[in-house]
There are 2 protein chains.
Amino acid sequence: MTDFTIRCQNCSFNHLCIPVSLNNTEMNSLDEIIERKRPLHKNDQLTVPGQKFTSLFAVRSGSFKSYITSSDGEQQITGFHFPGDIVGFDGLYSDQYQSYTQAMETSMICELPYEKLDQMSAQLPTLRREMLKIMSTEINQDHSMMMLLNKRTAEERLAHFLTTLSDRFSNRGFSAVEFNLTMTRNEIGNLLGLTVETVSRLLTRFQKENIINVDGKLIHIVDIVGLKQKLGDPSSAVSCSEKFGTHN
Amino acid sequence: MTDFTIRCQNCSFNHLCIPVSLNNTEMNSLDEIIERKRPLHKNDQLTVPGQKFTSLFAVRSGSFKSYITSSDGEQQITGFHFPGDIVGFDGLYSDQYQSYTQAMETSMICELPYEKLDQMSAQLPTLRREMLKIMSTEINQDHSMMMLLNKRTAEERLAHFLTTLSDRFSNRGFSAVEFNLTMTRNEIGNLLGLTVETVSRLLTRFQKENIINVDGKLIHIVDIVGLKQKLGDPSSAVSCSEKFGTHN
DNA sequence: CGCCGTTTTGAGCAGCATCAATTGAAGTGG
DNA sequence: CCACTTCAATTGATGCTGCTCAAAACGGCG
């Protein structure tokens, strides 16, 4: 597809992405099979349940949410995705994607056709291993999430969410203390098993406690230590870091 | 190791296990690398967090629970495992298992040394694909679990749990309507984000409503239709079937 | 400017947790 | 083999966290 002259080599998120464990030669082979497509706009669907599984996708810019739905119309967000994240693993199960993956803003993706990826992985042990590793990470994150949902209070959940976002942005070279939420309060609540009202109330509470500053979608973390004290659990298995954007 | 003259070929759970998509030749190669070890006893740990990742494990008989712990001592059960289930995928992430996997009764396992499995998978596309597929299933199940925990009432959660157990036993050739719980009420509650008391109260309520019969650990499902009516969600993405024993 | 989706704030309520006590079952050792 | 200990399960009384319902303020966009 259109190239846009982007290569894994000079991608600023390659340390988070599939290439992380590949050497230069391997990265070049990977580059060969990647299709870089035109941007998606806000609310565009990258995958939809039932759609034939063909590819994994790496987020190049922007942000996505993944969610599943139940037959009675309930919606459950399973993760938010930022640059470097891989999505689409849910599709391997039955050769059909199981989730919606929707752009939360104008975003770009790298498409990794699975057949080619699979063939490459037969030759490259590191690639083979890396894919399993990413899926394993996802599984561990989901397990941490189960603990968060079952054992933590609303306050602890939101504190986890904010510190995790902070970590993720930091990993990507963005500010760890000031960032824009691309998701609504409603979506945050959906992920965390809380209502909008509770999320809103907690954000204002945190602000009153001089832990954060909230200006609409803009979050400024004033007292990161105070925020971390609100985590029920100082450090869980997979640290919940990178959790809130589970590869789906 | 001691052989016990069990082979995948004649294992009554091979339709649920890794061999499901392999042909006879492939299954034989797999058999070559499997180590069948002596039985584990109740409460024995198959894996422990931090332990070096070496193998995946297939449950051959008995049952296991997997759980993670947080630094403040909280424990979160992430799944129950029955014959044919594969456990250990959590270890790929950092070359160390992340969870405890503990026998709930006297149980047998097949050990699949990962290095050998990986080498085999370079040659066998079906095996390669199958491993990813199993992990993908696990991820989808975990996502269903998130919806269950975030959106369903206590009653709906327990109804889900019971129907899922029923399905899983049925898949394994056991009775779908009468089975023994190998886990305690406490462990059920832990998985479902409920307290022991709530689980106990609900079981007695279901019994009063003539939906099930409870005699200690022995559950008899009297009215499967009535039970399914209690599910908030008649059919979710991965049906939550096979969910409650997530491969960890 | 006016509309609509999002966010905030308040008041009241309920589902499930917590605390407490009893019973039952299982395992242990004398 | 039985007494004792320990753990699991049941049942009741009470309370709290976070949900529900409602309404107003805000903000982006055509």
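The structure displayed is predicted, hence computed values, not measured ones.

Visitor: Could you give an account of the overall build of chain A, naming the residues involved and the relevant values?
Guide: Looking only at helices and strands, one finds seven helices and eleven strands in chain A. In terms of overall size, chain A behaves like a compact globule, its C-alpha atoms giving a radius of gyration of 18 Å where 248 residues would be expected to give roughly 18 Å. By principal-axis analysis of the C-alpha atoms, chain A measures approximately 55 × 40 × 35 Å. The proportion of buried residues among the 248 residues of chain A is 58%. For chain A, the proportion of contacts with a sequence separation of at least 24, taken over those separated by at least 6, is 76%. When the accessible surface of chain A is totalled, it reaches about 9500 Å², and 49% of it is carbon and sulfur.

Visitor: Can you explain the interface of chain A and chain B? Please cite residues and give values.
Guide: Counting from both sides, the interface comprises 57 residues of chain A and, opposite them, 57 residues of chain B. Taking both partners together, chain A and chain B bury about 4900 Å²; carbon and sulfur atoms supply 57% of that area. Three residues stand out in chain A for area buried against chain B, namely Tyr93, Arg129 and Met146 of chain A, and they jointly supply 14% of the buried area on that side. There are six salt bridges connecting chain A and chain B. Here chain A and chain B share 30 residue pairs in polar contact (both at pLDDT 80 or more) between them. Of all the secondary-structure elements, those providing two or more residues to the side of chain A that touches chain B are strand 4 (64-69), strand 5 (75-81), helix 2 (114-123), helix 3 (125-151) and helix 5 (185-192) of chain A. For the side of chain A that touches chain B, a count of residues per class yields 21 nonpolar, 22 polar and 14 charged.

Visitor: Kindly report on the domain arrangement of chain A, identifying the contributing residues and their values.
Guide: Residue and element names in this part refer to chain A. When its domains are assigned, chain A resolves into domain 1 (8-142) and domain 2 (153-231). Here the C-alpha centre of domain 2 lies 26 Å away from the C-alpha centre of domain 1. Between domain 1 and domain 2, the contact holds 17 residues from the first and 13 residues from the second. Buried surface at the junction of domain 1 and domain 2, both sides included, amounts to about 1300 Å², of which 59% is carbon and sulfur. Summed over the three residues of domain 1 that lose the most area to domain 2, namely Ile77, Phe80 and Phe82, the buried surface amounts to 44% of that side.

Visitor: Which residues make up the packing of helix 4 (residues 154-171) of chain B against helix 6 (residues 196-208) of chain B, and what are the values?
Guide: Residues and elements named next belong to chain B. Contact geometry for helix 4 and helix 6: axes closest at 10 Å, N-to-C directions at 75 degrees. The orientation of helix 4 relative to helix 6 falls into the category roughly perpendicular. Seen from helix 4, the contacting residues are Ala154, Glu155, Leu158, Ala159 and Leu162; seen from helix 6, they are Thr198, Val199, Leu202, Leu203, Arg205 and Phe206. Each residue belonging to the contact of helix 4 with helix 6 can be placed in one class, and the counts come to eight nonpolar, one polar and two charged.

Visitor: I'd like a rundown of the protein's contact with DNA strand D, residues and numbers included.
Guide: Near DNA strand D you find 16 residues, and of these Ala154 and Thr198 of chain A together with Arg185, Ser200 and Arg201 of chain B are the closest. The contact atoms of DNA strand D, taken as those within 4 Å of the protein, divide so that sugar and phosphate hold 62%. The side chain of arginine 201 of chain A places a nitrogen or oxygen atom 3.3 Å from a base oxygen of DNA strand D. The side chain of serine 200 of chain B places a nitrogen or oxygen atom 2.9 Å from a phosphate oxygen of DNA strand D. Those elements giving two or more residues to the surface near DNA strand D turn out to be helix 6 (196-208) of chain A together with helix 5 (185-192) and helix 6 of chain B. Counting residues per element, the surface near DNA strand D draws most heavily on helix 6 of chain B, which supplies four residues. Split by residue class, the surface near DNA strand D holds two nonpolar, eight polar and six charged.

Visitor: Can you break down the relation of the copies chain A and chain B residue by residue, with the values?
Guide: Note on the copies: chain A fits chain B at an RMSD of 0.0 Å, the axial shift is 0.0 Å, and the rotation between them is 180 degrees. On this basis, the relationship between the two copies can be described by a two-fold rotation axis. If distances are taken from each C-alpha of chain A to the rotation axis, the shortest is found for alanine 122 of chain A, at 2.3 Å. Looking at chain A, 100% of its interface residues are interface residues in chain B too, so the copies touch through the same face.

Visitor: So what about the sheet that holds strand 2 (residues 45-47) of chain B? Which residues, and what values?
Guide: Note on sheets: strands pair through backbone hydrogen bonds, and any given pair is parallel or antiparallel. Strand order in the open sheet formed by four strands is 2-7-4-5 (chain B), and the pairing between neighbours is antiparallel. The sheet terminates laterally at strand 2 and strand 5 (75-81) of chain B, the two strands that pair on one side only. On average, each strand axis in the sheet is tilted by 30 degrees relative to the strand beside it, whichever way the strands run. By the bridge criterion, four bridges tie strand 4 (residues 64-69) of chain B to strand 7 (residues 100-103) of chain B in an arrangement that is antiparallel. Looking at the pairing, serine 66 of chain B lines up with threonine 101 of chain B of strand 7 of chain B. Running at roughly 125 degrees to strand 5 of chain B, helix 3 of chain A makes contact with strand 4 and strand 5 of chain B of the sheet.

Visitor: Which residues make up the packing of helix 3 of chain A against helix 5 of chain B, and what values go with them?
Guide: Relative to each other, helix 3 of chain A and helix 5 of chain B sit at 105 degrees, their axes nearing to 8 Å. On the basis of their axis angle, the class for helix 3 of chain A and helix 5 of chain B is roughly perpendicular. Of the residues in helix 5 of chain B, those touching helix 3 of chain A at Met146, Asn150 and Lys151 of chain A are Asn190, Leu191 and Leu192 of chain B. Split by residue class, the contact of helix 3 of chain A with helix 5 of chain B holds three nonpolar, two polar and one charged.

Visitor: How would you sum up the pattern of salt bridges? Please name residues and give values.
Guide: Residues and elements named next belong to chain A. Enumeration over the complete set of coordinates arrives at 26 salt bridges over all chains. For arginine 172, the salt bridge is made with aspartate 85, and the minimal N-O distance between the two is 2.8 Å. In this pair, arginine 172 sits in the loop between helix 4 (154-171) and strand 9 (178-180) while aspartate 85 sits in the loop between strand 5 and strand 6 (86-87), placing the two residues 87 residues apart along the sequence. Since its relative accessible area comes to 5%, arginine 172 is described here as buried. Between arginine 205 and glutamate 155 there is a salt bridge, and its shortest N-O distance comes to 2.6 Å. With arginine 205 in helix 6 and glutamate 155 in helix 4, this residue pair connects regions lying 50 residues apart in the sequence. Because the salt bridges share partners, they merge into one network encompassing Glu155, Arg205, Glu209 and Lys230.

Visitor: Now, about the side chain of threonine 47 of chain A: what can you tell me, with residues and values included?
Guide: Residue and element names in this part refer to chain A. Here threonine 47 shows up in strand 2 (residues 45-47). Of the residues examined, threonine 47 reaches a relative accessible area of 1% and is grouped as buried. In this structure the side chain of threonine 47 is engaged in a polar contact, spanning 3.1 Å, whose partner is the backbone oxygen of serine 99. For threonine 47, the side chain forms a polar contact with the side chain of threonine 101, separated by 2.9 Å.

Rules of the game
- Residues numbered from 1 in each chain as written.
- Chains lettered and ligands numbered in written order.
- Predicted model: local features only at pLDDT ≥ 70, side-chain atom pairs only at ≥ 80, totals over all residues.
- Heavy atoms only, no water.
- Helix = DSSP H or I, 4+ residues; strand = E, 2+ residues; numbered from the N terminus.
- Rg over C-alpha atoms; globule rule 2.2 N^0.38 Å.
- Buried < 20%, exposed > 50% of the residue type's maximum accessible area, 1.4 Å probe, protein only.
- Contact = heavy atoms within 4.5 Å.
- Areas by Shrake-Rupley, 256 points an atom, 1.4 Å probe, with all protein chains shown as cover.
- Buried area = accessible area lost by both parts, 1.4 Å probe.
- Salt bridge = Lys/Arg side-chain N within 4 Å of Asp/Glu carboxyl O.
- Polar contact = N/O pair within 3.5 Å; in protein donor to acceptor, adjacent residues only side chain to side chain.
- Nonpolar A, V, L, I, M, F, W, Y, C, P; charged D, E, K, R; others polar.
- Domains from an automatic or database assignment.
- Axes fitted to C-alpha atoms, helices over the stretch in contact; angles between N-to-C directions.
- Parallel < 35°, antiparallel > 145°, perpendicular 65-115°, else oblique.
- Near = heavy atom within 4 Å.
- Least-squares fit on C-alpha atoms with pLDDT ≥ 70 in both.
- Pairing = 2+ DSSP bridges.

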